[in-house]
Amino acid sequence: MSTTNQQFGEVDPNNAKYIRIFDTTLRDGEQSPGASLNNSEKLEIARQLEALGVDVIEAGFPITSQGDFDSVRAISQEIQNTIVAGLSRCVPRDIDRAGEAIKGGNKTRIHVFCATSKIHREHKLNKAFDEIVALSKKSVAHAREYTDDVEFSPEDGSRTELNHLVDITGAVIEAGATTINIPDTVGYAMPAEYGRIFSYVREQLPIIDEKGIILSSHCHNDLGFAVANSIAAMQGGARQIECTINGIGERAGNAALEEIIMALRTRADFYEQFTTGIKIEKLYPLSRMVSNLTGLLVQRNKAIVGENAFAHESGIHQDGMLKNRNTYEIMNPTDIGVPESKLVLGKHSGRHALKDRIEQLGYSIDDEMLISVYDAFKTLADKKKDVYDEDIEAIIDKEMETERQLWELVRFQISSGTGVISTATVVLRDSSGAEKMDAATGDGPIDACYEAIQRITGVNVKLEQYQTRAITGGKDAQGEVAVQIRHNDRKVRGRAFSTDVIEAAVHAYLSAINRIKTTTEPVLAEQP
Ligand SMILES: CC(=O)SCCNC(=O)CCNC(=O)[C@H](O)C(C)(C)COP(=O)(O)OP(=O)(O)OC[C@H]1O[C@@H](n2cnc3c(N)ncnc32)[C@H](O)[C@@H]1OP(=O)(O)O
Ligand SMILES: CC(C)C(=O)C(=O)O
Ligand SMILES: [Mg+2]
């Protein structure tokens, strides 16, 4: 049956160019040191893999432990539309455990493997090639007693003599294998070389195409070629790709599913013939889930799903992004479920990005002020790794106030306590140097001060937000007060620090009032 996948057009597993995605996050991925998952975590990942649209979920290696057996069993019972596979050595008990684990599942597979390279034959298995062929045939036939869908992998296939690879492939097909996976177990192959293995085996064994046998790749990333090798395998004739979410797996990991998919999609002009059933908008959420559940952090600069994959700090790039995002982004982050691209402000940023952020924060400043804010921003960015929005607001506040401080606090006095009405007397100096004093009562000392300030300045505002926090510890802790006031239809913020929280509150309020009263006022946009 063919269905439509918005991202990839026609999804038709019978199409000769359809690439089956075999996800081994729960088996090879879980072999990453420190990545153990419990049964319910595996089941949840399996559900999400099915929703993602993978064709095969390798759910585990049932002989490994009772836990692995149980999770392969639970996944094969629950997952209905995706093939669930269990791994097995060429050992009768392994095959039986795998067979028992998948019993009763809707679509199931046993994946049998046996190493074939000279080094594995001689030093690990201590068996001659002929013995390995015989054992593999017997094991495939044994696995067929449990399911018609049996995959065979000549482990370390990419380092196996080509004639041996052809011989064992032919032999296990005869024994009943329906998928042949040729793994680059130790990430040794180069792309052209690996692709050639597939085309060679196919040329030598017409039975592959005659019987509709699927060739599969399984690449490790020891030299950083896992994704490139997987794509080379497709070009050589592979129609199943084994991979993992976030590229987790033994040592340097497996080919990263999200990278393969996005390479095929982004370069559809180059790889236009290949299709998959993956729903790419689920890639990022699943990447986060796998990282959280395995505890394996995704490196920041990892392709597609790393924190920096859609983040830009350099001024020239940020400028390009603001003018046209295609200048520096070849994919749209929202397509894969990443909320948005980020323009991160830091010491490499330029004026365009800073101005854009300032406007997003709701300010409109002229070019002259942008120059001084930019200078202050660069000085700060040289000292500080991350420059936050609050830092930028503080810089702008400072610039505004040094330029146009209309009202300055001279002194204030409050009288407050339990059961008494709070009163405040405030003295302010205006820009001509004249001092003005007034007094007011209020609902607490701060409210009384604010009332007195309104009377002196003649500005009527509504206090919408008042936040206070300690920014240092101890008896003499610095307190920060941030206020947001409304004046007619405008919202304005003010912020101040002091060891006296009432003084900080008065300064913050005054700073907001000063911003309203300035002629070229910094106006804050409506907040949602
Ligand atoms: C490339 C891959 O990713 S292969 C999968 C790797 N994954 C794992 O190993 C994880 C799960 N493994 C385990 O829990 C254990 O290793 C088990 C249960 C499979 C086996 O445990 P043990 O019986 O104690 O054996 P141990 O792991 O120490 O050694 C492996 C044995 O399997 C043999 N072996 C390895 N691969 C195969 C194979 N494909 N077919 C048959 N025998 C094999 C080895 O030669 C060795 O046999 P020996 O004891 O006669 O020397
Ligand atoms: C079990 C096999 C396919 C494997 O993981 C490998 O060879 O890397
Ligand atoms: Mg592997």
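Residues numbered from 1 in each chain as written. Chains lettered and ligands numbered in written order. Predicted model: local features only at pLDDT ≥ 70, side-chain atom pairs only at ≥ 80, totals over all residues. Heavy atoms only, no water.

**Student:** I'm lost on the site of ligand 2 in this one. Help?
**Tutor:** Inspection of the region around ligand 2 gives R27, D28, H111, S153, E155, N181, P183, T185, H218 and H220 as its neighbouring residues. Side-chain polar atom of R27 to an oxygen atom of ligand 2: 2.9 Å apart, as the coordinates give it. At a separation of 3.0 Å, an oxygen atom of ligand 2 approaches a polar side-chain atom of D28. Put simply, the parts of the chain that give the shell around ligand 2 at least two residues each are strand 7 (150-155) and strand 8 (179-184). Classifying every residue of the shell around ligand 2 gives one nonpolar, six polar and three charged. (Near = heavy atom within 4 Å. Polar contact = N/O pair within 3.5 Å; in protein donor to acceptor, adjacent residues only side chain to side chain. Helix = DSSP H or I, 4+ residues; strand = E, 2+ residues; numbered from the N terminus. Nonpolar A, V, L, I, M, F, W, Y, C, P; charged D, E, K, R; others polar.)

**Student:** Any chance you could explain the coordination of the magnesium ion (ligand 3) here in plain terms?
**Tutor:** Expected angles at a metal are 109.5 degrees for tetrahedral coordination by four donors and either 90 or 180 degrees for octahedral coordination by six donors. Looking at the metal site, the magnesium ion (ligand 3) is ligated by D28 (OD), H218 (NE2) and H220 (NE2), spaced 1.9 to 2.2 Å from it. Between consecutive donors of the magnesium ion (ligand 3), the numbers of intervening residues give the motif D-x189-H-x1-H. Here D28, found in the loop between strand 3 (20-23) and helix 1 (39-52), pairs with H218, found in strand 9 (residues 214-219); they are 190 residues apart in sequence, far enough to count as distant. With a relative accessible area of 2%, D28 lands in the buried category. (Donors = N, O, S within 2.8 Å, 3.2 Å for Na, K, Ca; no water. Buried < 20%, exposed > 50% of the residue type's maximum accessible area, 1.4 Å probe, protein only.)

**Student:** What is the right way to look at the domain arrangement of the chain in this model?
**Tutor:** A common way to state how big an interface is: give the accessible area lost once the parts meet. As far as domains go, the chain holds domain 1 (17-294), domain 2 (311-403) and domain 3 (408-517). The centre of domain 1, based on its C-alpha atoms, is set 45 Å off from the matching centre of domain 2. If you look at the interface, domain 1 gives eight residues, while domain 2 gives seven residues. Taking both sides of the interface into account, the surface hidden between domain 1 and domain 2 amounts to around 590 Å²; carbon and sulfur atoms contribute 69%. For the interface between domain 1 and domain 2, the tally reads one salt bridge. A salt bridge links R265 to D335; the shortest N-O distance between them is 3.3 Å. Across the contact surface, domain 1 and domain 2 share three residue pairs in polar contact (both at pLDDT 80 or more). At the level of secondary structure, the elements contributing two or more residues to the side of domain 1 that touches domain 2 comprise helix 10 (257-266) and helix 11 (283-294). The residue inventory of the side of domain 1 that touches domain 2, partitioned by class, reads five nonpolar, one polar and two charged. (Domains from an automatic or database assignment. Contact = heavy atoms within 4.5 Å. Buried area = accessible area lost by both parts, 1.4 Å probe. Salt bridge = Lys/Arg side-chain N within 4 Å of Asp/Glu carboxyl O.)

**Student:** Got a minute to help me understand helix 3 (residues 92-102) in this structure?
**Tutor:** One turn of the α-helix equals 3.6 residues, which is why residues spaced by three or four share an orientation. Burial in helix 3 covers these residues: D94, I95, R97, A98, G99, A101 and I102. On its buried face, helix 3 sits against helix 2 (66-78), strand 5 (83-89), strand 6 (108-115) and helix 5 (129-144).

**Student:** Would you mind going over the UniProt feature "domain: Pyruvate carboxyltransferase" (unreviewed entry) in the chain with me for this structure?
**Tutor:** UniProt records the feature "domain: Pyruvate carboxyltransferase" (unreviewed entry) for residues 19-284 in the present numbering. The span residues 19-284 shows a helical share of 44% and a strand share of 17%, and its end C-alpha atoms are spaced 21 Å apart. (UniProt positions renumbered as here; feature names shortened; annotations may be inferred.)

**Student:** Explain the sheet that holds strand 17 (residues 479-487) here, please?
**Tutor:** Each strand in a sheet pairs with its neighbour through backbone hydrogen bonds, running either in the same direction (parallel) or in the opposite one (antiparallel). Strands sit in the order 16-17-18 across an open sheet of three strands; the sheet is antiparallel. With partners counted over all chains shown, the strands left at the sheet margins are strand 16 (462-470) and strand 18 (490-498), one partner each. Each adjacent strand pair in this sheet contributes to an overall mean axis angle of 15°, direction not counted. Here nine bridges tie strand 17 to strand 18, and the two strands are oriented antiparallel to one another. (Pairing = 2+ DSSP bridges. Axes fitted to C-alpha atoms, helices over the stretch in contact; angles between N-to-C directions.)

**Student:** Looking at this model, I keep getting lost on the site of ligand 1. Mind explaining?
**Tutor:** Residues in close proximity to ligand 1 total 14 residues, the closest being Q31, R89, C90, F113 and E155. The contact in question runs from a nitrogen atom of ligand 1 to an N or O atom on the side chain of Q31, over 3.1 Å. In this structure, an oxygen atom belonging to ligand 1 sits 3.5 Å away from a main-chain N or O atom of K124. Calculation on ligand 1 without its partners gives an accessible area of 1,000 Å², and the protein chains cover 53% of this total. Per-class residue counts for the shell around ligand 1 are seven nonpolar, three polar and four charged. (Areas by Shrake-Rupley, 256 points an atom, 1.4 Å probe, with all protein chains shown as cover.)

**Student:** Please clarify how the packing of helix 5 against helix 6 (residues 162-175) should be interpreted in this entry.
**Tutor:** In a pair of packed helices, the angle between the axes and the distance between the axes together describe the arrangement. Between helix 5 and helix 6, the shortest axis-to-axis distance is 8 Å and the interhelical angle comes to 30°. Taken together, helix 5 and helix 6 sit at an angle that is classed as roughly parallel. Our pair here, helix 5 against helix 6, has a crossing hand that is right-handed. Taking contact as the criterion, the partners of F129, I132, V133, S136, K137, V140, A141 and R144 in helix 5 are, on helix 6, H164, D167, I168, A171, V172 and A175. Classifying every residue of the contact of helix 5 with helix 6 gives nine nonpolar, two polar and three charged. (Parallel < 35°, antiparallel > 145°, perpendicular 65-115°, else oblique. Left-handed = near helix turned anticlockwise from the far one by under 90°.)

**Student:** Any chance you could explain the state of the cysteines here in plain terms?
**Tutor:** Defined simply, a disulfide is a covalent bond joining two cysteines at their sulfur atoms. Inspection of every chain in the model, using the stated rule, returns zero disulfides. We note that C219 lacks a disulfide partner, and the nearest cysteine sulfur, in C243, lies 9.7 Å from it. On the accessibility criterion, C219 (0% relative accessible area) is buried. (Disulfide = S-S within 2.5 Å.)

**Student:** Honestly, a nonpolar patch on the surface in this entry has me stumped. Any pointers?
**Tutor:** Judged by side-chain polarity, L463, Y466 and V501 come together as a nonpolar surface patch covering roughly 220 Å² of accessible area. Mapped onto the fold, V501 is located in helix 17 (residues 501-517). (Patch = residues over 30% accessible without salt bridge, like charges linked within 9 Å, V, L, I, M, F, W, Y side chains within 5 Å.)

**Student:** Would you mind showing me how to read the sheet that holds strand 15 (residues 435-442) here?
**Tutor:** Spatially, three strands are ordered 13-14-15 in an open sheet, and the strand pairing comes out antiparallel. Whereas interior strands pair on both sides, the edge strands pair on one side only; in this sheet they are strand 13 (408-415) and strand 15. Taking each pair of neighbouring strands and ignoring which way they run, the sheet shows an average axis angle of 15°. Pairing of strand 14 (residues 422-429) with strand 15 involves eight bridges; the strand directions are antiparallel. Within strand 15, the position partnered with V427 by the bridge is M437.

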